[in-house]
Amino acid sequence: TIEVKYDLKALITKNVYVEYHSRGRLSGLSISEADFYCFCFGDTYHLIETIILKKRCRKYIGTDRDKRGGDNNTSKGILLPISELF
């Protein structure tokens, strides 16, 4: 299975936002059962195994790339550099 995410700011920020917590509960990458994540930005699609994505995001927990976001800043996620999708 594939989880598809559209990131409208990715080409500007050079990062994708990977949510893992929202409204006091685990969410997004933390609970995904998908085999792959597909990030869509611009006219491109980038497929990455969920296991690899988790590994690449985990190192940023608790750093300046661990940010609040989403509706009313109720989510937490990692700003992962686009270059780390490849």
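That block above? That's the structure.
Residues numbered from 1 in each chain as written. Predicted model: local features only at pLDDT ≥ 70, side-chain atom pairs only at ≥ 80, totals over all residues. Heavy atoms only, no water.

Turning next to the overall build of the protein. Scanning the protein from N- to C-terminus turns up two helices and seven strands. Computed over C-alpha atoms, the radius of gyration of the protein comes to 12 Å, within 12% of the 12 Å expected from 2.2 N^0.38 for 86 residues, which places it in the range of a compact globule. The principal-axis extent of the C-alpha atoms belonging to the protein is close to 30 × 30 × 25 Å. When the 86 residues of the protein are sorted by exposure, 37% land in the buried category. Within the protein, residue pairs in contact and separated by at least 24 positions form 59% of the contacts whose partners lie at least 6 positions apart. A total of about 5700 Å² of accessible surface is found on the protein, and carbon and sulfur atoms cover 53% of it. Charge separation in the protein, taken as the distance between the mean sites of 14 positive and 11 negative side-chain charges, equals 6 Å. (Helix = DSSP H or I, 4+ residues; strand = E, 2+ residues; numbered from the N terminus. Rg over C-alpha atoms; globule rule 2.2 N^0.38 Å. Buried < 20%, exposed > 50% of the residue type's maximum accessible area, 1.4 Å probe, protein only. Contact = heavy atoms within 4.5 Å. Areas by Shrake-Rupley, 256 points an atom, 1.4 Å probe, with all protein chains shown as cover. Lys, Arg positive; Asp, Glu negative; His and termini not counted. Charge placed at Lys NZ, Arg CZ, Asp CG, Glu CD.)

All right, on to the sheet that holds strand β1 (residues 2-6) then. Strand order in the open sheet formed by three strands is β1-β4-β5, with mixed pairing between adjacent strands. At either end of the open sheet lies a strand with only one pairing partner, and these are β1 and β5 (44-49). Neighbour-to-neighbour, the strand axes of the sheet open up by a mean angle of 20°, direction not taken into account. Helix-sheet contacts for helix α2 (residues 50-58) involve β4 (36-41) and β5, and the interaxial angle to β5 is about 90°. (Pairing = 2+ DSSP bridges. Axes fitted to C-alpha atoms, helices over the stretch in contact; angles between N-to-C directions.)

Turning next to unusual backbone geometry. Working note: non-glycine residues mostly have negative phi, and peptide bonds are mostly trans. The residue R23 is not glycine, and still its phi comes out positive at about 50°. On the secondary structure map, R23 appears in the loop between β2 (15-22) and β3 (25-26). Here N73, not a glycine, exhibits a phi torsion of approximately 55°, which is positive.

Honestly, it's all geometry; don't read function into it.
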